[in-house]
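Coordinate inspection notes
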Amino acid sequence: MIFILRLFTQPGIFSQLRWFAKIVPCLGLFLVSASLLFTKYQLLLYYPVIVNIAFLIIFSYSLQYPPTIIERFARIQNPDLSEKAIQYTNNVTRCWCLFFIVNGCIALITCLVGNIELWTLYNGGISYLLIALLMGGEWLIRKKYQH
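Notes on the structure in this doc start here. (Residues numbered from 1 in each chain as written. Predicted model: local features only at pLDDT ≥ 70, side-chain atom pairs only at ≥ 80, totals over all residues. Heavy atoms only, no water.)

**Thoughts on the overall build of the protein**
- A count of helices and strands for the protein gives seven helices and zero strands.
- N-terminal to C-terminal, the α/β element order of the protein is α-α-α-α-α-α-α.
- For the protein, the proportion of its 147 residues judged to be buried stands at 33%.
- Considering only intrachain contacts with a sequence separation of at least 6, the fraction spanning at least 24 residues in the protein is 57%.
- Here the protein displays about 9,700 Å² of accessible surface, and carbon together with sulfur accounts for 72% of that area. (Helix = DSSP H or I, 4+ residues; strand = E, 2+ residues; numbered from the N terminus. Buried < 20%, exposed > 50% of the residue type's maximum accessible area, 1.4 Å probe, protein only. Contact = heavy atoms within 4.5 Å. Areas by Shrake-Rupley, 256 points an atom, 1.4 Å probe, with all protein chains shown as cover.)

Given below as structure tokens:
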């Protein structure tokens, strides 16, 4: 049910990628359906992998067809970005792409290992900690260079 709800409540910032923003919930719905149909509930463990792949595609797409996702977020606060700031947002977008590759690979490994405790520890805790560290680290770097 949550996947269906997400189909209709995507944030407007991704309006140019609206077609793509519907793929992740649809894939989630597919995983739920396949899990129920084949009684292979392990398929649900692959959702974090799909989410990382989806974000990697969205962020990579925005590098190819600017403005980048990070630049769009930055323009919410400051519509007139300098060329230096735009380059910085491009670098942050590349950093997030690298994060999604590494995080997705680790999430996949936790699925393939088949240890639910390891999967839960990483995908339910460590990955969120890593996201917070990346966001916090980027915020500190940005504040340092703004002054």
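**Some points on a nonpolar patch on the surface**
- On the surface, I109, V113, L118, L121, I126, L129, L130 and L133 cluster together to form a nonpolar patch covering roughly 700 Å² of accessible area.
- A total of six residues in the nonpolar patch trace back to one element, the largest contributor, which is helix α7 (residues 116–146).
- When you line up the elements, L129 lands in helix α7. (Patch = residues over 30% accessible without salt bridge, like charges linked within 9 Å, V, L, I, M, F, W, Y side chains within 5 Å. Salt bridge = Lys/Arg side-chain N within 4 Å of Asp/Glu carboxyl O.)

Fair warning: the whole summary comes from geometry, so function is off the table for now.
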